Amino acid sequence: MRTRSNSRSSGSDVEPTKPPAHIPVLLREILSFAPTPTTRILDATVGPGGHARALLEAHPGATLLAFDRDENALAIARQKLHDFEERVSFRHADFRGGLTELPDPSLDYAIADLGVSSLQLDDPERGFSFRFEAPLDMRMDQRGGRTASDILNTATEKELERILAEYGEEPKARAIARSIVMERRTQRRWTTSAFSSLVRRDARGRPGLDPSTRAFQALRIATNFELEGLDESLSRLAHLLRPGGRLAVIAFHSLEDRIVKNVFRSLKRNGGFNLLTPKPVMPQLDEERQNPRSRSARLRVIERLATENGGGA
């Protein structure tokens, strides 16, 4: 864990004017699964820092390493965790590429809250939501890489169909892909409203679900490579745990949750790990009422055993 001075030097120049309201999902459950004792924590997707702050408060002797590829999220987390700055080290990086620097084993508790955050969805300028008019950006890490608009303008019709069908499970993927290719002959600067209007012409939504929801999810996943290498990284995270250490992962859609489930089952089958959640843990009714976005959250937790072929593996 870095010292206080190193933690500051790795900081970002981004300074948000006011941290937005944020409700960490499945917080009670994340706290309840923390092993005793917990001295070294990794938050692989720290976001605005809600889970991290609660864990640091609950474990006064613990230090925490926080990863996030969203620079603005890290700036907000620094504000939220200011009281714990001597116990926290930040990394502006995707955890999938940053785990190699950590010694094995070194963690008591690792958590990962996958997917897009409320912070990103509620920022009108980021282009994650069709609720706001904005350029179709969708990048979690804005230091570079293709925007969602770039993908719409350069991907082949077959590739667009694959993205929509595989990442959005969109029944009208072929028709939407064809419409995108036709539209981009004259439409090169895509906005959230332009894309959602096009999708709504071809897709049908379920009651209470906007027809463009699946397409936005698919395009966001493709823009950020959200599923690529996730299985290997979760396996690596599990092997960074000390005996008795635990890995808790929150997924928000079936594609992510399926990967988490398969990785955890494989770890258990191969020995050395015990699955603490045979079925995913879901939010309780009071949390769903307070935070409707939590309804799709699914939590799975795995524990490293004291021996590689101990009981429960």
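Residues numbered from 1 in each chain as written. Predicted model: local features only at pLDDT ≥ 70, side-chain atom pairs only at ≥ 80, totals over all residues. Heavy atoms only, no water.

A. Fine view of helix H10 (residues 192-202). Regarding H10, the residues found buried are Thr192, Phe195, Ser196, Leu198 and Val199. Buried positions in H10, seen along its axis, are confined to an arc of 160 degrees and lie on one side of it. Residues of H10 that are buried in the fold lie against helix H7 (148-154), helix H9 (173-183) and helix H11 (213-224). (Buried < 20%, exposed > 50% of the residue type's maximum accessible area, 1.4 Å probe, protein only. Helix = DSSP H or I, 4+ residues; strand = E, 2+ residues; numbered from the N terminus. Arc of directions from axis to C-beta. Contact = heavy atoms within 4.5 Å.)

B. Quick peek at the sheet that holds strand E4 (residues 107-113). Pairing in this open sheet of 7 strands is mixed, and the strands run E3-E2-E1-E4-E5-E7-E6 from one edge to the other. Either end of the sheet is taken by a strand with one partner, and the two such strands are strand E3 (88-92) and strand E6 (273-275). Strand after strand, the sheet turns through a mean of 15 degrees between neighbouring axes, direction not considered. In the sheet, strand E1 (residues 40-43) pairs with E4 via 3 bridges, with the strands oriented parallel. For aspartate 43, the partnering residue across the bridge sits in E4 and is isoleucine 111. With respect to the sheet, helix H12 (residues 230-239) is in contact with E1, E4, strand E5 (241-251), E6 and strand E7 (298-304), its orientation differing from that of E5 by roughly 150 degrees. In the packing of helix H13 (residues 254-270) onto the sheet, the strands contacted are E5, E6 and E7, and the crossing angle to E7 comes to about 20 degrees. (Pairing = 2+ DSSP bridges. Axes fitted to C-alpha atoms, helices over the stretch in contact; angles between N-to-C directions.)

C. Structural detail: the packing of helix H8 (residues 157-168) against H9. Contact geometry of H8 with H9 gives a least axis separation of 8 Å together with a crossing angle of 135 degrees. Taken together, the axes of H8 and H9 are oblique relative to one another. Read as a crossing pair, H8 and H9 show a hand that is right-handed. Across the interface between the two elements, Glu157, Leu160, Glu161, Leu164 and Ala165 from H8 touch Ala173, Arg174, Ile176, Ala177, Arg178, Ile180 and Val181 from H9. Per-class residue counts for the contact of H8 with H9 are 8 nonpolar, no polar and 4 charged. (Parallel < 35°, antiparallel > 145°, perpendicular 65-115°, else oblique. Left-handed = near helix turned anticlockwise from the far one by under 90°. Nonpolar A, V, L, I, M, F, W, Y, C, P; charged D, E, K, R; others polar.)

Taken by themselves, the reported measurements are silent on function.
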